[in-house]
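Structural overview
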Amino acid sequence: MAEIKTIKPDVLAKTDQDKKVHLIDVRTPAEFREIHASNAVNIPLDQLAAEQVKNLVNGNGADPVYLICQSGNRSSKACQKLIDAGFANVVSVEGGTKAWEAEGLPVNRGKKAISLERQVRIAAGFLVLTGAMLGMFVNPWFSGLSAFVGAGLMFAGITDTCGMAMLLAKMPWNRA
């Protein structure tokens, strides 16, 4: 696993003033629609492909490709994905869109959306409550639903991969 290069938002903004940079936001379309760096294009992490990025940068492997997300975690994963695909010059924006906005750098704002993380908490809470209620009042076997959700949350915490978030990200309300 290669070392992921990072850049501070203010340094990237200064670089962008001097020379147009390629900034890819790897968040979901709903997150991107809510707020994004004004010069970013949206390619969600689950759809990020090396060919797509090559087309975006006109096949020029010399120019760096900058990746941004909400806080820096997904952009680091995206960098690793592109490095594994043969890109040599990929850089993650430190602190993501939150840091970009905090620096007072230009952003585009759109329609407010419920964050994916919050959607996961709502869905998980609903499923656990439903399983518990059905287990108490209908049949004890329904308690297995609560156990299944709990196991999924534990797995998500350990692996930093959330199946429910991936499923919710594909829902129509989370698409642009």
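Provided above is the structure to which this section pertains.
Residues numbered from 1 in each chain as written. Predicted model: local features only at pLDDT ≥ 70, side-chain atom pairs only at ≥ 80, totals over all residues. Heavy atoms only, no water.

**Some remarks on the overall build of the protein chain**
Along its length, the protein chain carries 8 helices and 7 strands. Seen through its C-alpha atoms, the protein chain measures out along the principal axes to roughly 65 × 35 × 25 Å. Per-residue burial for the protein chain yields a buried fraction of 35% across its 176 residues. Long-range contacts, defined as pairs at least 24 residues apart, comprise 69% of the intrachain contacts of the protein chain with a sequence gap of at least 6. For the protein chain, the accessible area works out to roughly 10100 Å², and carbon and sulfur atoms hold 63% of it. (Helix = DSSP H or I, 4+ residues; strand = E, 2+ residues; numbered from the N terminus. Buried < 20%, exposed > 50% of the residue type's maximum accessible area, 1.4 Å probe, protein only. Contact = heavy atoms within 4.5 Å. Areas by Shrake-Rupley, 256 points an atom, 1.4 Å probe, with all protein chains shown as cover.)

**Points about the layout of surface pockets**
In this structure, the largest pocket spans a volume of roughly 1200 Å³. Breaking the lining of the largest pocket down by element, the ones donating at least two residues are α2 (29–34), α4 (73–84), α5 (96–102), α6 (116–137), α7 (143–159) and α8 (163–169). Grouping the amino acids of the lining of the largest pocket by side-chain chemistry returns 16 nonpolar, 10 polar and 15 charged. One number sums up the size of the second largest pocket: a volume of about 200 Å³. In terms of lining, the second largest pocket is formed by 13 residues, of which the most central are Phe148, Val149, Gly152, Leu153 and Met164. (1 Å grid on protein atoms, 1.4 Å probe; cavity = no way out; pocket = protein on both sides within 12 Å on 5 of 7 lines; lining within 4 Å. Points joined across faces, edges and corners; volume = space filled by probe spheres on them. Nonpolar A, V, L, I, M, F, W, Y, C, P; charged D, E, K, R; others polar.)

So far we have only geometry, and geometry alone does not tell us how the molecule works.
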